[in-house]
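Per-entry structural report
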Amino acid sequence: MVKYILKRIALGIVSFFVIMTMIFVLFKLLPNPVVAAQGGFDKALRDMYEAWGYNKPIIVQYGIFLKNVLTKFDWGFCTTVGTYLQPVTEYLSNKLPATIYINIISVVIALPLGIFFGIIAAIYKNRWQDHVIQVFIMFFISVPAFVYAFLLQYFIGFKLNLCPLIFKGGNDYFSWPMFHSAILPILSLSFGTIAGFMRLVRSELTESLTSEYMLLARTKGLTRAQATIRHAFRNSMVPLMPTVLSEFIYIIGGSYIIEQIFAIPGIGRSSVQAFYLKDYSVFMACNMFYVAVGLVAGIVTDLSYGFIDPRIRMGGDKNNAL
């Protein structure tokens, strides 16, 4: 197990640096971002240009970039996004709380609702309750989140005037005005997650309810409710927990489109702005942030199976496998 964990972490690190190298080279094929940003040089811009080696071969530039990232965690400076020549890490650290705020609330809301309706669909399989829930699952999974966003903005925000059309912003994340302005983006992000949890719980719980050990539990005198809670539900949660863990990691990544629609000052919106305004240092840092989040989520999801259910052996250990 330890060998498998170290192998997965090593592969994740190698994947991170391979992707970072590819993105860096692709950025260097574009027009020089520093010159294009201001149309020329001032003293501060010239100092930055020389410090980062923009006048040197690309291999030297990449060496300077890696040295700054690995030794000082320095991803460069803003040129067209944020404050002029503001450190990228400082700029993005101010954007991260809004992204986490929106996404973590959406997962906290989606998890209990998805589990509850998934249980209802499994218990009443092939009845009208199950058919209704199945229709909602197909609809919520098939329709992109930005479609919900526009519909919610139009009907709830514009027509009914129940919620603000855009995110309020600020630093008081525990105030009612802030939460009130976040309701629409939270709902937009929640629908797809709720449907995903419902589908997974229904599938796993349905399989557990028809298992032989459930028949054995009933013959020993347990009621259907007792057998479902003690055995079926518990076993069906094994594949659900890694999904929950990965969702809580992915919340840091946020949503490009939802943040743009509701003017949420988060990482996703900053990435879009950096792309259009050709601030390649910010865009590079945002992309590598999303790459890191995706790699960590994949590793944690893989490893969580073994920790949640000790009977599962990772890494193809045939001697310990069941």
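These numbers were taken from a predicted model, which means no experiment stands behind them. (Residues numbered from 1 in each chain as written. Predicted model: local features only at pLDDT ≥ 70, side-chain atom pairs only at ≥ 80, totals over all residues. Heavy atoms only, no water.)

Here we look at the overall build of the protein
The following threshold applies: For the purposes of this entry, the term helix denotes a DSSP run of H or I that reaches at least four residues, the term strand denotes a run of E that reaches at least two, and both are numbered from the N terminus. Exposure classes here rest on a 1.4 Å probe applied to the protein chains alone. A residue is buried below 20% of its type maximum, exposed above 50%, and partly exposed in between. Whether two residues are in contact is decided by their heavy atoms: any pair within 4.5 Å suffices. Under the convention used here, a 1.4 Å probe and the Shrake-Rupley method define accessible areas, while residue burial counts only the protein chains that appear.
Each helix and strand in the protein was counted, giving 14 helices and 0 strands. Listed N to C, the secondary structure of the protein is α-α-α-α-α-α-α-α-α-α-α-α-α-α in terms of helices and strands. A burial count over the protein gives 43% of its 322 residues as buried. Excluding contacts between residues fewer than 6 apart, the proportion of contacts in the protein whose partners are at least 24 apart in sequence is 68%. When the accessible surface of the protein is summed, it comes to about 17600 Å², and 67% of that surface belongs to carbon and sulfur atoms.

Here we look at the pattern of salt bridges
So the rule is basically this: Salt bridge, as applied in this entry: a Lys or Arg side-chain nitrogen positioned within 4 Å of an Asp or Glu carboxyl oxygen.
If you walk through the whole model with that rule in mind, you get 1 salt bridge. With a closest N to O distance of 2.8 Å, Asp130 and Arg202 form a salt bridge. Placement of Asp130 in helix H6 (residues 128-142) and of Arg202 in helix H8 (residues 176-209) is noted, with a sequence separation of 72 residues between them. Just as Asp130 is buried, Arg202 falls in that class too.

Quick look at H6
For clarity, the threshold we go by: Take the residue count of a helix, subtract one, and multiply by 1.5 Å to get its expected span.
Over its 15 residues, H6 runs 21 Å from end to end, which matches the ideal 21 Å to within 8%, given 1.5 Å per residue. The elements touched by buried residues of H6 are helix H5 (88-123), helix H7 (145-159) and H8.

Comments concerning unusual backbone geometry
With a phi close to 65°, Asn126 is a non-glycine residue in the positive phi region. Relative to the assigned elements, Asn126 resides in the loop between H5 and H6. Asn126 gets classed as exposed once you look at its relative accessible area, which sits at 54%. Look at Lys278: it is not a glycine, yet its phi comes out positive at around 60°. Within the secondary structure, Lys278 is located in the loop between helix H13 (267-276) and helix H14 (280-308).

Quick look at the confidence of the model for the protein
We apply this condition: Per-residue confidence from the predictor is reported as pLDDT, which spans 0 to 100.
Confidence in the prediction of the protein, expressed as mean pLDDT, is 81, and 87% of residues score 70 or more. Per-element confidence in the protein ranges from a low mean pLDDT of 50 for helix H2 (residues 33-38) to a high of 90 for H7. Low pLDDT, under 50, characterises residues 318-322; the predicted model gives this stretch 3 contacts beyond four residues in sequence or across chains.

Things to note about the nonpolar core
As a reminder of what qualifies: Only buried residues count toward a nonpolar core, which is a set of Ala, Val, Leu, Ile, Met, Phe, Trp, Tyr and Cys residues joined through side-chain atoms within 4.5 Å.
In this structure, Met20, Phe65, Trp75, Leu92, Val282, Met284 and Met288 are the most contacted members of the largest nonpolar core, which totals 32 residues. Top contributing element to this core by residue count: H14, with 9 residues. Look past the residues within four positions of Met288 in its chain and what remains in contact with it is Phe16, Met20, Ile23 and Trp75.

A closer look at the packing of H5 against H8
Put simply, the test is: Note on method: axes are straight lines fitted to C-alpha atoms, helices fitted across the in-contact stretch only, with angles between N-to-C directions ranging 0 to 180 degrees. Each helix crossing is assigned a hand: it is left-handed if the near helix lies turned anticlockwise from the far helix by less than a right angle, otherwise right-handed if that turn is clockwise.
Close contact between H5 and H8 brings their axes to 5 Å; oriented N to C, the two are set at 35°. When the axes of H5 and H8 are compared, the crossing they make is right-handed.

Structural notes on the packing of H6 against H8
Operational definition: When an angle is under 35 degrees it counts as roughly parallel; over 145 it counts as roughly antiparallel; between 65 and 115 it counts as roughly perpendicular; any other value is oblique. For this scheme, ten residues count as nonpolar: Ala, Val, Leu, Ile, Met, Phe, Trp, Tyr, Cys and Pro. Four count as charged, namely Asp, Glu, Lys and Arg, and the remainder, Gly too, count as polar.
Packing of H6 against H8 leaves a shortest axis separation of 8 Å and a crossing angle of 135°. Between H6 and H8, the crossing angle belongs to the class labelled oblique. Relative to H8, the crossing made by H6 is left-handed. The segment H6 lies against H8, with Asp130, Ile133, Gln134, Ile137, Phe140 and Ile141 engaging Phe191, Gly192, Ala195, Gly196, Met198, Arg199 and Arg202. Across the contact of H6 with H8, the residue classes tally to 7 nonpolar, 3 polar and 3 charged.

A short note on the packing of aromatic side chains
Filter applied, for reference: To pair, rings of Phe, Tyr and Trp, with the six-membered ring standing in for Trp, must have centres within 6.5 Å; the planes then decide the type, stacked if under 30 degrees apart, edge-to-face if over 60, and tilted in the middle.
Here the structure, examined in full by the defined rule, presents 24 aromatic pairs. A centroid spacing of 5.5 Å and a plane angle of 45° characterise the contact between Phe275 and Phe283, whose relative ring orientation is tilted. Residue classification places Phe283 among the buried positions, given a relative accessible area of 15%. Measuring from centroid to centroid gives 5.7 Å for Phe289 and Tyr290, while their planes differ by 70°, and the two rings are edge-to-face. Aromatic ring contacts, followed pair by pair, group Phe24, Tyr62, Phe65, Phe73 and Trp75 into a single cluster.

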